[in-house]
Amino acid sequence: AQKITQTQPGMFVQEKEAVTLDCTYDTSDPSYGLFWYKQPSSGEMIFLIYQGSYDQQNATEGRYSLNFQKARKSANLVISASQLGDSAMYFCAMREAQGGSEKLVFGKGTKLTVNP
Amino acid sequence: DAGVIQSPRHEVTEMGQEVTLRCKPISGHNSLFWYRQTMMRGLELLIYFNNNVPIDDSGMPEDRFSAKMPNASFSTLKIQPSEPRDSAVYFCASSLAGNVAAQHFGDGTRLSIL
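These numbers were taken from a predicted model, which means no experiment stands behind them. (Residues numbered from 1 in each chain as written. Chains lettered and ligands numbered in written order. Predicted model: local features only at pLDDT ≥ 70, side-chain atom pairs only at ≥ 80, totals over all residues. Heavy atoms only, no water.)

Q: Looking at this model, I keep getting lost on the overall build of chain B. Mind explaining?
A: Along the backbone of chain B there are zero helices and eleven strands. In chain B, the succession of helices and strands from N to C terminus is β-β-β-β-β-β-β-β-β-β-β. Compactness check: chain B gives a C-alpha radius of gyration of 13 Å against a globular reference of 13 Å for 114 residues, within 12% of the reference. In terms of its C-alpha atoms, chain B occupies a principal-axis envelope of roughly 40 × 30 × 25 Å. Accessible surface, chain B as shown: approximately 5700 Å² in total, 50% of it carbon and sulfur. Charge centroids of chain B, computed over 10 positive and 12 negative side chains, lie 3 Å from each other. (Helix = DSSP H or I, 4+ residues; strand = E, 2+ residues; numbered from the N terminus. Rg over C-alpha atoms; globule rule 2.2 N^0.38 Å. Areas by Shrake-Rupley, 256 points an atom, 1.4 Å probe, with all protein chains shown as cover. Lys, Arg positive; Asp, Glu negative; His and termini not counted. Charge placed at Lys NZ, Arg CZ, Asp CG, Glu CD.)

Here it is as structure tokens:
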């Protein structure tokens with residue numbers, strides 16, 4: 001079974017609107033971390049936001065917020081007030097704490113296009 | 001602050017040749033990761049080091065791939081002999097050790113094996 005599932009291959013949003021990118025995960029480890037990365041067409045991977053499994057509040061970083069629903073095993077990324085520069089691939093990733101591993105497992109990604 | 005530095009940015013070579021990819025992690029980071037990204041398989045972890053020691057190399061495809069980290073500021077990923085199916089973007093990332101630390105990626109090396 002896939003550890004990280006991103007069901008939306010592509011998403012479109014109008015500039016200045018909010019968009020939600022879905023991510024569900026599968027783990028039996030009670031301690032884990034969830035990450036979102038952005039990959040623009042230029043190819044670099046940019047860290048956006050982190051959510052720990054024991055964090056009581058949803059993570060926020062500027063226009064990015066993470067809608068963390070632990071019981072549903074989902075960690076959706078919300079981008080508010082979309083900008084043209086937000087057009088990119090977005091990857092959800094998980095790190096399980098079991099055994100002290102630092103390994104990140106990535107989803108297949110969602111391609112976001114922001115329309116003017 | 002300098003980020004993760006990878007070289008070369010692009011590499012085109014013929015199959016059978018040796019390829020060496022280089023990475024300089026962020027100063028102070030003690031974990032280093034090598035990833036490969038392809039359309040078919042997405043982003044895959046190949047190997048990671050903690051304090052210059054290889055911790056998990058289960059993602060290394062086969063014996064043609066090897067990685068070293070001789071010191072805290074330098075790592076190499078070597079493919080010998082290279083094959084066309086090795087064509088991919090190879091990323092190096094570094095982080096502070098610990099579960100909450102984010103991994104910071106270099107710009108990647110786009111490798112094409114003809």
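Still to come is the rest of the account.
Q: Sorry, what's going on with the pattern of salt bridges here?
A: Any two side chains of opposite charge can pair, given that their charged atoms come close. Residues and elements named next belong to chain B. Across all of its chains, the model carries eleven salt bridges over all chains by this definition. In this structure, arginine 41 engages glutamate 44 in a salt bridge whose closest nitrogen and oxygen atoms are separated by 2.7 Å. A relative accessible area of 51% places arginine 41 in the exposed class. Salt-bridge contacts for glutamate 83 lead to arginine 64; the nearest nitrogen and oxygen are separated by 3.5 Å. Within this pair, whereas glutamate 83 is found in the loop between β8 (74-79) and β9 (88-95), its partner arginine 64 is found in the loop between β6 (53-56) and β7 (65-71), the two being separated by 19 residues in sequence. Taking the relative accessible area as the measure of exposure, glutamate 83 reaches 22% and is therefore partly exposed. Among the ionic contacts, a cluster of salt bridges with common partners joins Glu62, Arg64, Glu83, Arg85 and Asp86. (Salt bridge = Lys/Arg side-chain N within 4 Å of Asp/Glu carboxyl O. Buried < 20%, exposed > 50% of the residue type's maximum accessible area, 1.4 Å probe, protein only.)

Q: How should the state of the cysteines be read in this particular structure?
A: Two cysteines whose sulfur atoms are joined by a covalent bond form what is called a disulfide. Residue and element names in this part refer to chain A. Overall, the coordinates contain two disulfides over all chains when judged by the stated rule. One disulfide bridge connects cysteine 23 with cysteine 92, the sulfur atoms lying 2.0 Å from each other. Because the torsion about its S-S bond is -65°, the bridge between cysteine 23 and cysteine 92 counts as left-handed. Of this pair, cysteine 23 sits in the loop between β3 (19-21) and β4 (24-25) while cysteine 92 is found in strand β10 (residues 88-96), placing the two residues 69 residues apart along the sequence. Side by side, cysteine 23 and cysteine 92 carry an identical accessibility label, which is buried. (Disulfide = S-S within 2.5 Å.)

Q: Can you walk me through the nonpolar core in this structure?
A: Membership of the largest hydrophobic core comes to 24 residues, with the highest contact counts inside it found for A:Trp36, A:Leu77 and A:Tyr90. Sorting the residues of this core by element identifies β3, β5 (32-39), β6 (46-52), β8 (64-69), β9 (74-79), β10 and β12 (110-115) of chain A as the ones contributing at least two each. At four residues, β10(A) tops the list of elements feeding residues into this core. Setting aside its immediate chain neighbours within four residues, A:Leu77 contacts A:Val19, A:Thr20, A:Leu21, A:Trp36, A:Leu48, A:Ile49, A:Tyr64, A:Ser65 and A:Tyr90. Formed by 21 residues, the second largest nonpolar core is a distinct cluster that contains B:Met60, B:Ile79, B:Leu111 and B:Ile113. (Core = buried A, V, L, I, M, F, W, Y, C linked by side-chain atoms within 4.5 Å. Contact = heavy atoms within 4.5 Å.)

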